[in-house]
Amino acid sequence: MKLPIYFDYQATTPMDPRVLDAMLPYFTEVFGNAASRSHAFGWKAEEAVENARAQIAAAIGANPKEIVFTSGSTEAINLAIKGVAEMYAEKGKHIVTSLVEHKAVLDTCKHLEKNGYEVTYLTPEKTGRITLEAVKAALRDDTILVALMWANNEIGTLNPVREIGALCHEKGVLFFSDATQAVGKVPVDVEADHVDLLCLSGHKIYGPKGVGCLYVRRKNPRVRLVAQIDGGGHERGMRSGTLNVPGIVGLGKACELARTDLEKDAKHASELRDYFESKIFAALDHVHLNGDKDHRLPTNSNLSFKYVEGESMIMGIKDIAVSSGSACTSASLEPSHVLRAMGVGDELAHSSIRFGFGRFTTKEQVDFAVEHVVAAVKRLRELSPLYEMVQEGIDLSTVNWQGGGTH
Amino acid sequence: MAYSNKVIDHYNNPRNVGSLDKAKATVGTGVVGAPECGDVMKLQIEVEGDRIVDAKFKTFGCGSAIASSSLATEWIKGKTLDEAMQIKNTQIVEELSLPPVKIHCSVLAEDAIKSAVMDYKAKQGAGAPLAETKKS
């Protein structure tokens, strides 16, 4: 088995060879500018782009004309939220989002707050879910946009998107959903789910990095946006800049595979994930599942190994590529804002490890991971004063901790 | 994050892991840090006369925290209490090549040593009067 093994599919995915094959001609042979209308080089490139647009639209139940290409989800999120805020400012300046969104959403909303907009940040349930009731209670007469993720990138929790979408349509409020983690893992249908704006990214679905798109509804209601990048008026004026043709071809192929292989991929990942969790829970005590066991991506397992700090855990399983909600692994030295918002406690956040299962994960790899995770947890608990105290029957919440780190 | 070879060595082969009997009069125990901060160190010393004859630790924390406390136990063994109190976190930073974001791990290790020594001294003070007080 080749080491290290990749278990961080939420961060990015390896490109599917079928996607690479589709892209290759567009780097060299078919290199035209899709905006060149005067010759065959341009026409061929444009044809490839339109084919990709149709593949993407089919994957999310949209019309190809509703797809706007971007450099990825972060740009699409900026375009959706800022674009709506600026276009509908006269109607209202209130936006509803949640505390567990990706930083691209949170930081964009913070930017708007500085410019006179009001943002309500919903607190999730303990499982990380945003309820329909919470959204309903937050809506005001001046609410112009609800921005909630389809599935959370850290814990994999799925929001009740269809119900929230229906509520937004009933109230005449636009609904944007960041579906970066959801596409290819759970069914996404902008019609049935009442979504007005949606973003997705190539590199999360076995496609290339640096390419993504924003779905912008064209009717019932027609969504209008203020462009955030000025230039040649590409993408119907919503996003100027020469199209990344090979990237777009790759995104199209990745979306086609996400649609055709959805059931197979989801079944494969969830079987391995469930097998992994059953093995871990059988071998170790004091393991906490972060997120919503029932409403969860098939690819995600976020576990807190109590009394073991996340970064030391990652050091102990160096042949397994995972990430942690521990402060020590992030540049900010803050533990995960998602786990914090869920109220799981900083102590559990420091002990959390996120495992991702994907298209190329094998059972052999999972067996290897189980063996190494269990061994590392056992070893680090032997080193843990907290585990020792718990074994002695001490309730850690009653301990008067002295001093403390500088976090 | 890249770790220095010394941090990796202490992480893989931590010295002096374990516990001493904290009820014993000759054992001093220091517990510093807090679980919600992601670091808790327990460092214990066994003292004969004024010399540390044994030291043990257990740490909940990142690799650098484990390495800092492991190194601390290695350094204080055989030292007098006064010598142990002289150990500075900057020496730990230097020895382990800790990056700036990990300096707090070394501070915690210094605190753990001091806390263990204070605990031992408090125990001695609470029992028989200290030798110094008998001096004329």
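Residues numbered from 1 in each chain as written. Chains lettered and ligands numbered in written order. Predicted model: local features only at pLDDT ≥ 70, side-chain atom pairs only at ≥ 80, totals over all residues. Heavy atoms only, no water.

Undergrad: Quick question: what am I supposed to make of a nonpolar patch on the surface here?
TA: A cluster of nonpolar side chains, namely L20, L24 and F27 of chain A, defines an oily patch on the protein surface of about 280 Å² accessible area. Looking at the secondary structure, you find L20 of chain A in helix 1 (residues 17-23). (Patch = residues over 30% accessible without salt bridge, like charges linked within 9 Å, V, L, I, M, F, W, Y side chains within 5 Å. Areas by Shrake-Rupley, 256 points an atom, 1.4 Å probe, with all protein chains shown as cover. Salt bridge = Lys/Arg side-chain N within 4 Å of Asp/Glu carboxyl O. Helix = DSSP H or I, 4+ residues; strand = E, 2+ residues; numbered from the N terminus.)

Undergrad: Sorry if this is basic, but what is going on with the sheet that holds strand 3 (residues 94-98) of chain A here?
TA: Two orientations exist for strands paired in a sheet by backbone hydrogen bonds: parallel and antiparallel. Residues and elements named next belong to chain A. The strand order across the open sheet formed by seven strands is 2-8-7-6-5-3-4, and the pairing between neighbours is mixed. Sheet topology places strand 2 (67-70) and strand 4 (118-122) at the edges, where each strand pairs with a single neighbour. Adjacent strand axes in the sheet meet at a mean angle of 20 degrees, parallel and antiparallel pairs treated alike. Relative to strand 5 (residues 143-147), strand 3 runs parallel, the two being bridged by three bridges. From the neighbouring strand, I95 faces strand 5, where its bridge partner is L145. Where helix 5 (residues 103-114) meets the sheet, its contacts fall on strand 3, strand 4 and strand 6 (174-178), and the angle it forms with strand 4 comes to roughly 150 degrees. Across the face of the sheet, helix 8 (residues 245-260) comes into contact with strand 2, strand 7 (197-201) and strand 8 (212-216) while running at roughly 100 degrees to strand 7. (Pairing = 2+ DSSP bridges. Axes fitted to C-alpha atoms, helices over the stretch in contact; angles between N-to-C directions. Contact = heavy atoms within 4.5 Å.)

Undergrad: Mind showing me how you'd approach the pattern of salt bridges here?
TA: Oppositely charged side chains can pair when the atoms bearing their charge come close. Residues and elements named next belong to chain A. Evaluation of the coordinates by the stated rule reveals 31 salt bridges over all chains. Two residues, E118 and R140, come together in a salt bridge whose shortest N-O distance is 3.1 Å. A residue pair is termed long-range when its members are at least 10 positions apart, and E118 in strand 4 and R140 in the loop between helix 6 (132-138) and strand 5 qualify at 22 residues. For E118, a relative accessible area of 45% corresponds to the partly exposed category. Since its relative accessible area comes to 32%, R140 is described here as partly exposed. Measuring nitrogen to oxygen at the nearest pair gives 2.7 Å for the salt bridge that ties D193 to R162. Separated by 31 residues along the polypeptide, D193 in the loop between strand 6 and strand 7 and R162 in helix 7 (residues 161-171) bring together distant segments of the chain. The exposure class of D193 is buried, given its relative accessible area of 5%. A network of salt bridges, in which partner residues are shared, links D16, R18, D261, D265 and R359. (Buried < 20%, exposed > 50% of the residue type's maximum accessible area, 1.4 Å probe, protein only.)

Undergrad: Teacher, can you tell me more about the domain arrangement of chain A here?
TA: Think of interface size as the accessible area that goes away when the parts come together; that is how it is often given. Residue and element names in this part refer to chain A. Per the domain assignment, the segments making up chain A are domain 1 (5-10 + 262-398) and domain 2 (17-260). Just the C-alpha atoms count here: the centres of domain 1 and domain 2 sit 30 Å apart. Every contact between the two is made by 26 residues of domain 1 and, on the other side, 34 residues of domain 2. When the area that domain 1 buries against domain 2 is broken down by residue, the three leading residues are L262, L297 and R359, summing to 28%. Seen at the junction of domain 1 and domain 2, the total is 14 residue pairs in polar contact (both at pLDDT 80 or more). For the side of domain 1 that touches domain 2, the secondary structure elements donating two or more residues are helix 9 (262-283), strand 10 (300-305) and helix 11 (337-342). For the side of domain 1 that touches domain 2, the leading source of residues is helix 11, giving five residues. (Domains from an automatic or database assignment. Buried area = accessible area lost by both parts, 1.4 Å probe. Polar contact = N/O pair within 3.5 Å; in protein donor to acceptor, adjacent residues only side chain to side chain.)

Undergrad: Looking at this model, I keep getting lost on the sheet that holds strand 9 (residues 287-289) of chain A. Mind explaining?
TA: Residue and element names in this part refer to chain A. On the basis of which strands lie adjacent, the open sheet formed by four strands has the order 9-10-13-12 and antiparallel pairing. If you trace the sheet from one side to the other, it starts and ends with strand 9 and strand 12 (323-324), each paired once. Taken strand by strand, helix 9 contacts strand 9, strand 10 and strand 13 (352-356), and its axis lies near 15 degrees from that of strand 10.

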